Amino acid sequence: WEYDGQSWRHVVLSGPTPRGGHAMAYDPGRQKVVLHGGTDGNTVNSDVWEYDGLTWEAVATGPRRAHHAMVYDTRTPGLLLFGGYETTAATRVAAPRARNADGSWRVLPDGPTPRMDPAAAHDPVLGRTYVWSGYGAGGEPPADLWAWTGDAWQLVGTGPERRIGSSMASDSPRHRTVLFGGSK
């Protein structure tokens, strides 16, 4: 589906297989929407697809991941992904990854604890990518807010009530990061 600011249009193209729990982000350097991972309920995918507004193209594989967050980070620069799980057994993964210019992925330094369905957003004004809450070890959502500064993770502090599956976005003109929804 595509939204042009006034209406939705169903776009039928060959491309990624049906899935849920995937992540998408816009890569301004490549001027493409990137889709990564997800699951069809039986298999956790590792494929990476790019959409240029006309066609989907399978471009690479990445780490096997579902129920993760992915954002474009201007300081890295590139796509960052965090959290999720690697198998249908829902083993949480901690190692955040960054996508290099050549399409390969590298592991970032340790930071937030393993979690599924975290919220993430990049603030281009401050040059930080934030990761909030999610489904943590033992079933408890952590109430911590972390920031990726381009070379290290920093624990910023705690935030509002813990949430699983919330969404977060940067509102650069107002110098705010907005968090909404999720379940307790």
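Residues numbered from 1 in each chain as written. Predicted model: local features only at pLDDT ≥ 70, side-chain atom pairs only at ≥ 80, totals over all residues. Heavy atoms only, no water.

A. Highlighting the nonpolar core. Formed by Ala69, Val71, Leu80, Phe82, Ala98, Leu108, Ala120, Val131, Trp146, Trp148 and Trp153, the largest nonpolar core amounts to eleven residues. Secondary-structure elements contributing two or more residues to this core are β7 (69-73), β8 (78-82) and β15 (144-148). Among all residues touching Trp146, those that are not within four sequence positions of it are Gly111, Pro112, Arg115, Thr129, Tyr130, Val131, Trp153, Gln154, Leu155 and Val156. Within the second largest apolar cluster, nine residues are counted, among which are Ala25, Val34, Met70 and Leu81. (Core = buried A, V, L, I, M, F, W, Y, C linked by side-chain atoms within 4.5 Å. Buried < 20%, exposed > 50% of the residue type's maximum accessible area, 1.4 Å probe, protein only. Helix = DSSP H or I, 4+ residues; strand = E, 2+ residues; numbered from the N terminus. Contact = heavy atoms within 4.5 Å.)

B. Here's a closer look at the sheet that holds strand β3 (residues 23-27). With antiparallel pairing, the four strands of this open sheet are ordered in space as β3-β4-β5-β6. Looking at which strands have only one partner, the edges of the open sheet turn out to be β3 and β6 (56-61). The mean inter-strand angle of the sheet, taken between neighbouring strand axes irrespective of direction, is 25°. Pairing of strand β5 (residues 47-51) with β6, which is carried by five bridges, proceeds in the antiparallel orientation. Each residue of the ladder has a partner; that of Asp47, found in β6, is Thr61. (Pairing = 2+ DSSP bridges. Axes fitted to C-alpha atoms, helices over the stretch in contact; angles between N-to-C directions.)

C. Expanded view of the pairing of β7. In terms of burial, β7 is a largely internal element, five of the five residues being buried. In this structure, β7 lies alongside β8, joined through five bridges in antiparallel fashion. In the strand pairing of β8, Met70 is matched with Leu81. Here β7 folds back onto β8, and the loop between the two strands holds four residues.

D. Examining the sheet that holds strand β12 (residues 119-123) more closely. The four strands are arranged β12-β13-β15-β16 in an open sheet whose pairing can be described as antiparallel. One side of each edge strand has no neighbouring strand; the edge strands of this open sheet are β12 and β16 (153-158). Averaged over all adjacent pairs, the angle separating strand axes in this sheet is 25°, with direction ignored. Inspection of the sheet shows β15 paired to β16 by five bridges, in the antiparallel sense. Bridge assignment links Ala147 to a residue of β16, and that residue is Gln154.

E. Layout of empty space enclosed by the protein. In this structure the tally under the stated criterion is one cavity of 30 Å³ or more. In terms of lining residues, the largest cavity is bounded by Ala69, Val71, Leu80, Leu81, Phe82, Pro96, Leu108, Ala120, Thr129, Val131 and Trp153. Breaking the lining of the largest cavity down by element, the ones donating at least two residues are β7, β8 and β13 (128-132). Here the lining of the largest cavity takes three residues from β8, the largest share from any one element. (1 Å grid on protein atoms, 1.4 Å probe; cavity = no way out; pocket = protein on both sides within 12 Å on 5 of 7 lines; lining within 4 Å. Points joined across faces, edges and corners; volume = space filled by probe spheres on them.)

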